[in-house]
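Fold and geometry: a report
Below, each chain spelled out in residue letters.
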Amino acid sequence: MTTPTIELKPSAHPLSEAERNKILAAPGFGRHFTDHMVTIKWTEGRGWHDGQLVPYGPLSLDPATNVLHYAQEIFEGLKAYRQPDGSVAMFRPDANARRFQASARRLAMPELPVETFIEACDVLVQQDKGWVPAHGGEESLYLRPFMIATEVGLGVKPANEYLFVVIASPAGAYFAGGVKPVSIWLSENRVRAVPGGMGDAKTGGNYAASLLAQAEAAVHGCDQVAYLDAVEHKWVEELGGMNLYFVYEDAANGTRIVTPTLTGSLLAGVTRDSLLSVARDLGYASQEARVSIDQWRADTENGTLTEVFACGTAAVITPVGTVKSAGGEWTQSGGEPGKVTLKLREALLDIQRGVAEDTHGWMHRL
Ligand code: COI
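Described below are features of the structure shown in this document. Given the structure is predicted, the values throughout are model-derived calculations rather than measurements. (Residues numbered from 1 in each chain as written. Predicted model: local features only at pLDDT ≥ 70, side-chain atom pairs only at ≥ 80, totals over all residues.)

**Examining the overall build of the protein chain**
Test applied: We count a stretch as a helix when DSSP gives it H or I for four or more residues in a row; a strand needs E for two or more, and each element gets its number in order from the N terminus. What the globule rule says is 2.2 Å times the number of residues to the power 0.38, and the radius of gyration is computed from C-alpha atoms. Counting other C-beta atoms within 10 Å of a residue's own tells you its class, since 20 or more makes it buried, 12 or fewer makes it exposed, and anything in between is partly exposed; those C-beta atoms are placed from the backbone.
Per the secondary structure count, the protein chain includes eight helices and 18 strands. The C-alpha atoms of the protein chain give a radius of gyration of 21 Å, which matches the 21 Å a tight globule of 366 residues would have. Once the C-alpha set of the protein chain is aligned to its principal axes, its extents read approximately 60 × 50 × 35 Å. A burial count over the protein chain gives 43% of its 366 residues as buried.

**Observations concerning the packing of helix α6 (residues 270-281) against helix α8 (residues 339-352)**
Defined as follows: Orientation is described by lines fitted to C-alpha atoms, with helices fitted over the stretch in contact, and by angles between N-to-C directions that extend from 0 to 180 degrees. Angular relationships are summarised with four words: roughly parallel below 35 degrees, roughly antiparallel beyond 145, roughly perpendicular across 65 to 115, and oblique for the angles in between. Once C-beta atoms have been placed from the backbone, residue pairs whose C-beta atoms lie within 7 Å are recorded as contacts. Only Asp, Glu, Lys and Arg are considered charged in this grouping, and only Ala, Val, Leu, Ile, Met, Phe, Trp, Tyr, Cys and Pro are considered nonpolar; every other residue, Gly among them, is considered polar.
At a minimum axis separation of 10 Å, α6 and α8 run at an interaxial angle of 105 degrees. Considering their axes alone, α6 and α8 lie roughly perpendicular with respect to each other. Facing Ser-274, Leu-275, Val-278, Ala-279 and Asp-281 of α6, the residues of α8 in contact are Leu-344, Ala-347 and Leu-348. Taken together, the residues that form the contact of α6 with α8 break down as six nonpolar, one polar and one charged.

**A word on the site of the ligand**
Heads up, the rule is: Placing the C-beta atom from the backbone, one calls a residue near a molecule or strand if that atom lies within 6 Å of it.
Near the ligand, the surroundings consist of Gly-77, Gly-241, Gly-312, Thr-313 and Ala-314. By residue class, the composition of the shell around the ligand is one nonpolar, four polar and no charged.

**So, the nonpolar core**
As a reminder, the rule being used: Residues enter a nonpolar core if they are buried, belong to Ala, Val, Leu, Ile, Met, Phe, Trp, Tyr or Cys, and are joined to the set through C-beta atoms within 7 Å. Where each domain starts and ends follows an automatic or database-derived domain assignment.
Core analysis: the largest hydrophobic core is formed by 86 residues, its most contacted members being Val-38, Ala-80, Ala-120, Leu-124, Tyr-245 and Ala-310. If you count residues domain by domain, this core takes at least three from each of domain 1 (7-171) and domain 2 (182-353). When neighbours within four sequence positions are excluded, Ala-120 is seen to be in contact with Ile-6, Val-38, Ile-40, Pro-145 and Val-166.

**Quick word on the packing of helix α3 (residues 93-106) against helix α4 (residues 114-127)**
Rules: For a crossing to be left-handed, the near helix must be turned anticlockwise from the far one by less than a right angle; the clockwise case is right-handed.
Relative orientation of the contacting elements α3 and α4 amounts to 125 degrees, with a least axis distance of 9 Å. Classified by the angle their axes make, α3 and α4 are oblique. When the axes of α3 and α4 are compared, the crossing they make is right-handed. Contacts between α3 and α4 involve Pro-93, Asp-94, Ala-97, Arg-98 and Phe-100 from the former and Val-114, Phe-117, Ile-118 and Cys-121 from the latter. Residue composition of the contact of α3 with α4, by class: seven nonpolar, no polar and two charged.

As structure tokens, then:
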């Protein structure tokens with residue numbers, strides 16, 4: 001497999017600094033995009049080729065392009081942060097690159113070499129580094145690499161042509177309320193993924209499958225939907241687009257954070273994985289285990305389960321407040337952000353913003 005060198009074809013008309021600064025003052029999430037994107041093609045028999053950095057703009061697709069019909073698509077999300085010395089560093093791009101390969105395998109797509117994935121992100125961030133928000137706040141530059149099947153035709157089969165693209169978007173908080181706890185609707189009749197399905201791949205179909213339950217959550221006044229496993233309808237899996245953590249406190253054993261085991265039907269979040277280590281750095285125990293919905297409620301009511309939070313690249317760490325289901329509702333940590341949640345959040349962000357030592361070697365400097 002060859003590693004393409006990315007040819008630079010920068011925009012002759014990037015957005016003015018004044019207009020860019022206006023956007024950076026309140027970027028929101030996923031609403032604005034930088035001046036450029038990187039594209040790399042893959043063709044059967046030829047492999048990866050024609051890597052280019054080009055002005056950000058529409059993709060031209062034949063209406064019979066495979067991805068538009070059969071959803072052969074995968075994506076990633078990762079962030080670049082402004083460091084205290086003004087330089088820029090990305091958080092764990094190698095982990096995203098490996099997950100992208102795993103998603104590609106699941107969807108019968110070609111695997112992009114890890115170094116090409118990182119090179120594409122590097123080239124884009126380097127070109128558009130003026131779009132990385134200032135150091136010190138919560139803002140970052142969110143990178144969205146994705147790959148689509150571009151063969152034209154209506155036959156259902158793995159395509160013989162693909163397009164890999166990286167775009168970037170300055171990002172503030174994913175949830176408008178920032179660290180204000182989100183409310184969760186527990187979906188007991190809809191599932192996100194099934195054993196043997198593609199729940200552990202980061203593919204648009206999983207997100208499309210979550211939208212109806214997400215809309216039902218909104219009808220019940222909730223911000224997010226939580227899914228149970230598809231077989232026993234008992235084990236907590238994940239939210240529509242982020243993983244979950246449970247914080248247990250007991251006098252004898254101290255603080256323990258627990259995240260649902262990767263059963264194959266939930267996504268192996270990079271933030272989820274990082275927190276297993278960050279928690280240990282802070283002196284907490286951390287583990288992966290199956291958590292049942294009955295246990296969630298019972299342990300909250302008996303006071304051993306003290307906090308719950310959602311985590312993901314976009315959401316960072318967001319506390320969970322109210323949990324509602326058809327069978328009733330309860331509240332975590334009095335509806336306030338829990339102290340362990342906030343401590344983990346600060347510790348992770350400190351590494352990402354370059355103000356705490358990067359003891360795990362997670363930051364990739366440009
Ligand atoms: C991310 O956290 O990067 C995601 O892809 C999740 C999505 C809800 C924005």
